[in-house]
Amino acid sequence: MKPHILLVEDEAKLAQFVQMELTHEGYQVTVAEDGITGLTQARETHPDLILLDWMLPGLSGLELCRRLRDTGDKVPVVLLTARDDVQDRVAGLDAGADDYVVKPFSIEELLARVRAHLRRTHEPDSEALHFADLMLHQGSREVSRGQRAIELTAKEFDLLVYLMRHPRQVLTRDRILEEVWGYDFMGDSNIIEVYIRYLRLKLEESGESRLIQTVRGVGYVLRD
Ligand code: CA
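Note that the structure is predicted; figures quoted are calculated from it, not measured.

*Asks:* So what's going on with the nonpolar core? Residues and values would help.
*Replies:* Nonpolar side chains in soluble globular proteins tend to be buried together. With 53 residues, the main nonpolar core has I50, L52, L160 and I176 as its most contacted residues. Excluding its chain neighbours within four sequence positions, the residues that come into contact with I50 are L6, V8, A42, L68, V75, P76, V77 and V78. With 18 residues, the next largest nonpolar core counts L22, Y27, I107 and L111 among its residues.

*Asks:* Lay out the pairing of strand β12 (residues 219–222) in plain terms, naming residues and giving numbers.
*Replies:* Two elements, strand β10 (residues 171–172) and β12, share 2 bridges in a ladder whose sense is antiparallel. If you follow T172 over to β12, its bridge partner there is G219. Bridge count for strand β11 (residues 212–215) against β12 is 4 bridges, and the pairing is antiparallel. The residue of β12 that forms the bridge with Q213 is V221.

*Asks:* Give me the sheet that holds strand β1 (residues 4–8): which residues, what numbers.
*Replies:* The parallel open sheet is built from 5 strands, whose spatial order is β2-β1-β3-β4-β5. The open sheet terminates on both sides in strands that have one partner only, identified here as β2 (28–32) and β5 (99–102). Strand-to-strand twist of the sheet, defined as the mean angle between neighbouring strand axes without regard to direction, takes the value 20°. Inspection of the sheet shows β1 paired to β2 by 5 bridges, in the parallel sense. Across the sheet, the residue bridging to V8 is A32, located in β2. Sitting on the sheet, helix α1 (residues 12–24) touches β1, β2 and β3 (49–53), and the angle it makes with β2 is about 165°.

Cut-offs applied
- Residues numbered from 1 in each chain as written.
- Predicted model: local features only at pLDDT ≥ 70, side-chain atom pairs only at ≥ 80, totals over all residues.
- Heavy atoms only, no water.
- Core = buried A, V, L, I, M, F, W, Y, C linked by side-chain atoms within 4.5 Å.
- Buried < 20%, exposed > 50% of the residue type's maximum accessible area, 1.4 Å probe, protein only.
- Contact = heavy atoms within 4.5 Å.
- Pairing = 2+ DSSP bridges.
- Helix = DSSP H or I, 4+ residues; strand = E, 2+ residues; numbered from the N terminus.
- Axes fitted to C-alpha atoms, helices over the stretch in contact; angles between N-to-C directions.

See the structure below:
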């Protein structure tokens, strides 16, 4: 079955071009030209991935994403945005987006990210990972510390899986980008700091000890 991608984009020419390329790659593509239509389509058709423009008539991409997440929808969302400063990136993460492509983007870059996100959702793995009091079930995507259940976004989950598969190993930022993002990330690698910060907040919410340690100038390590 072809993966279904919902493209929410109001620039008709860009939408047409991206749709053509994605179709050529073997995806089934639906295009919505405004936020409200996009949200309705997302809810009714349950796409495998959403490519979501930030600036949309009716309902912004950010708001659309937030509303989807509010109802527990975990579909991978890649924001298409001309905005590239840190504040905007954080706003996107806050809204529950998994990734960004900054306009103007190359179609190869976009396709690589689509593949990376689809691969992740289509790799069922029921293996459970443990570290200290942290437990993660890859199949059910449940995460907990002790008795406390933790809700993670798709990308936070992927990052934690990667860290838990390499406990006590110092992981460089480049390696994390390559393994977790799954492509040569062209943007600002500060994105890792943002995700690590989010993960720490969630993992330490009840005053638990820090498990993700910073190795200055190098990267991160999962260590008690
Ligand atoms: Ca737009």
